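Listed below, chain by chain, are the residues.
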Amino acid sequence: MNLNQVTVPSLDLTKSIPFYEKLGLKLIVKALPHYARFVCPDGNSTFSIHQTKELPKGEGIYVYFECKNLDEQVNTIQQNGINFDLLPTDQSWMWREARLKDVDGNQLILFYAGENRLNPPWRIEN
């Protein structure tokens, strides 16, 4: 099994699409007003947004995007006019992360973990 895509809700795709394009995702499906799909610049994963009348309650959705050159990527995104809630920071779980929210409040984490992405010291061995 391989993860194909993650889909998040949006109240207005006409606002969400430009936001995700500024993050560096490439729009491949534009079925307004209900759906849009992007391809990630690295790998084979896709990411989509779908129109909803109401956003989830609580903390909402967290989506992680891996970036080998995290600091450079964050600088580029900032130059595109997007603000971050947390600039690249080394975390205790051995990942470097930057955090921001999309126009609908979905939490996005850009990160780099290197070998610790799949093999942290606390990994369960079967």
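Residues numbered from 1 in each chain as written. Predicted model: local features only at pLDDT ≥ 70, side-chain atom pairs only at ≥ 80, totals over all residues. Heavy atoms only, no water.

- As named in an unreviewed UniProt entry, the protein chain is Glyoxalase/bleomycin resistance protein/dioxygenase, taken from Cellulophaga geojensis KL-A.

### A few points about the overall build of the protein chain
- Secondary structure summary: the protein chain contains two helices and eight strands in total.
- What you see for the protein chain is a C-alpha radius of gyration of 15 Å, in line with the 14 Å of a compact globule of 126 residues.
- Taking the principal axes of the C-alpha coordinates as reference, the protein chain spans close to 45 × 35 × 30 Å.
- When the 126 residues of the protein chain are sorted by exposure, 35% land in the buried category.
- Counted over contacts in the protein chain with a minimum sequence separation of 6, partners at least 24 positions apart contribute 50%.
- Accessible surface for the protein chain amounts to roughly 8,100 Å². Of this, 50% is attributable to carbon and sulfur atoms.
- If you average the places of the 13 positive and of the 15 negative side-chain charges in the protein chain, the two averages end up 6 Å apart. (Helix = DSSP H or I, 4+ residues; strand = E, 2+ residues; numbered from the N terminus. Rg over C-alpha atoms; globule rule 2.2 N^0.38 Å. Buried < 20%, exposed > 50% of the residue type's maximum accessible area, 1.4 Å probe, protein only. Contact = heavy atoms within 4.5 Å. Areas by Shrake-Rupley, 256 points an atom, 1.4 Å probe, with all protein chains shown as cover. Lys, Arg positive; Asp, Glu negative; His and termini not counted. Charge placed at Lys NZ, Arg CZ, Asp CG, Glu CD.)

### Side note on the UniProt feature "domain: VOC" (unreviewed entry) in the protein chain
- Mapped onto this numbering, the UniProt entry annotates "domain: VOC" (unreviewed entry) at residues 2–113.
- As annotated, residues 2–113 has a helix share of 19% and a strand share of 40%, and its two end C-alpha atoms lie 20 Å apart. (UniProt positions renumbered as here; feature names shortened; annotations may be inferred.)

### Brief notes about the sheet that holds strand S7 (residues 96–101)
- One open sheet holds the four strands; their spatial order is S5-S8-S7-S6, and the pairing between them is mixed. Strands with a single pairing partner mark the edges of an open sheet, and in this sheet they are strand S5 (62–66) and strand S6 (86–90). Each strand of the sheet is rotated relative to its neighbour by a mean of 25°, with strand direction disregarded.
- Of the strand pairs in this sheet, S7 and strand S8 (residues 107–112) are connected by six bridges, and their pairing is antiparallel. Residue pairing in the sheet places Arg99 in a bridge with Ile109 of S8. (Pairing = 2+ DSSP bridges. Axes fitted to C-alpha atoms, helices over the stretch in contact; angles between N-to-C directions.)

### What about helix H1 (residues 13–23)?
- Within the span of H1, buried status applies to Leu13, Ser16, Ile17, Phe19, Tyr20 and Leu23. Within H1, the buried residues cover an arc of 165° as seen down the axis, which keeps them to one side. In H1, the exposed positions that point more than 90 degrees away from the buried face belong to Thr14 and Lys15. (Arc of directions from axis to C-beta.)

### A short note on the pairing of S8
- Most of S8 is tucked away: five of the six residues are buried.
- The turn linking S7 back onto S8 is made up of five residues, and Gly105 within it adopts a positive phi angle of 90°.

### Points about the pairing of S6
- Pairing of S6 with S7 involves three bridges; the strand directions are antiparallel. By the bridge assignment, Leu86 is partnered in S7 with Arg99.
- In sequence, S6 turns back onto S7 through a hairpin of five residues, with Met94 there showing a positive phi of about 75°.

### A few points about the packing of aromatic side chains
- Following the criterion strictly, the structure yields seven aromatic pairs and no others.
- With a centroid separation of 4.3 Å and an interplanar angle of 15°, the aromatic rings of Trp95 and Phe111 are classed as stacked. Residue Trp95 is found in the loop between S6 and S7, and its partner Phe111 is found in strand S8; the two are separated by 16 residues along the sequence.
- Taking relative accessible area as the criterion, Phe111 reaches 4% and is therefore assigned buried. (Phe/Tyr/Trp six-rings, centres within 6.5 Å; stacked < 30°, edge-to-face > 60°.)

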